[in-house]
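Here's the letter readout for the chains.
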Amino acid sequence: MFYLHSLPGWMRMIFPKNVIWEGPVNTGHEVYLTFDDGPTPEVTPFVLDQLAKYQMKGSFFCIGSNVAKYPELYRRIIAEGHTIGNHTMEHVNGWETGTEQYLQDVVQAAAHIDARFFRPPYGKIKQQQAAAIRAKFPDMQIVMWSVVAGDFDESVDGHTCAAAVEKYSKPGSLIVYHDSEKAWDRLQVALPKTLAMLQQKGFTSCAL
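These lines cover the structure that appears in this document, whether it is placed above or below. Predicted, not measured: the structure shown is a model, and the values here were computed from it.

Conventions adopted
- Residues numbered from 1 in each chain as written.
- Predicted model: local features only at pLDDT ≥ 70, side-chain atom pairs only at ≥ 80, totals over all residues.
- Heavy atoms only, no water.
- Axes fitted to C-alpha atoms, helices over the stretch in contact; angles between N-to-C directions.
- Helix = DSSP H or I, 4+ residues; strand = E, 2+ residues; numbered from the N terminus.
- Parallel < 35°, antiparallel > 145°, perpendicular 65-115°, else oblique.
- Left-handed = near helix turned anticlockwise from the far one by under 90°.
- Contact = heavy atoms within 4.5 Å.
- Nonpolar A, V, L, I, M, F, W, Y, C, P; charged D, E, K, R; others polar.
- Disulfide = S-S within 2.5 Å.
- Buried < 20%, exposed > 50% of the residue type's maximum accessible area, 1.4 Å probe, protein only.
- Core = buried A, V, L, I, M, F, W, Y, C linked by side-chain atoms within 4.5 Å.

At a minimum axis separation of 9 Å, helix 4 (residues 99-110) and helix 5 (residues 127-136) run at an interaxial angle of 45 degrees. The angle between helix 4 and helix 5 falls in the class oblique. Viewed along their axes, helix 4 and helix 5 form a crossing whose handedness is right-handed. Seen from helix 4, the contacting residues are Thr99, Tyr102, Leu103, Val106 and Val107; seen from helix 5, they are Gln128, Gln129, Ala132, Ile133 and Lys136. Counted by class, the contact of helix 4 with helix 5 contains six nonpolar, three polar and one charged residues.

Below is the structure:
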């Protein structure tokens, strides 16, 4: 499986314009932990408990069908002060989907998710799709990332994921983890290590 833990700046040129790659830095100590593909009862409560333990916040890019199945977890995320983002209804791949179908999947998710942020699954989104989303939801911002933990990669372990986050994180980093069953084996090891590392280095994870 090929992916980059940190995308070089020049590669961002191939993605739609005016998307968010990093979070705001006010004190020099902010990073932004984000979690994709939940909520899931097997993983999301663990993530929320870990964030609470370290008194840090995150942003959860939720799949609409999961929110429909587990509304209590969705409400808990909000109640605990984290940010919610739209991650489509069925985790569709923008590069393999027409613009109208893609937009409808975002619209369907929006019926369950009240969010001003959107993250395309796999980071795959066409210029026309980004334009259609902005036209339909003028206040919605498209969020990418600057650091990928790789917890979805079954060929690595959680220590490797945590090490990648530590290596590439800097003030303003948008860090991607997944509160999904597929990532669980690695997340349960990597996330506590990442939170401890951030605390030790004087970073605070903030919600977007």
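Following the structure, the description resumes.
All told, the structure shown has zero disulfides when counted by the stated rule. The thiol sulfur of cysteine 62 is not disulfide-bonded, and the nearest other cysteine sulfur, from cysteine 206, lies at 19 Å. Given a relative accessible area of 1%, cysteine 62 falls into the buried group.

Our next topic: the nonpolar core. Leu33, Phe60 and Tyr177 are the most contacted members of the largest nonpolar core, which has 33 residues in total. Those elements that place two or more of their residues in this core are strand 1 (30-36), helix 1 (44-53), strand 2 (58-62), helix 3 (71-79), helix 6 (158-168), strand 7 (174-178) and helix 7 (184-200). The biggest single contributor to this core is helix 7, with six residues. Phe15, Phe118, Ala132 and Phe137 belong to the second-largest nonpolar core, a separate cluster that totals 17 residues.

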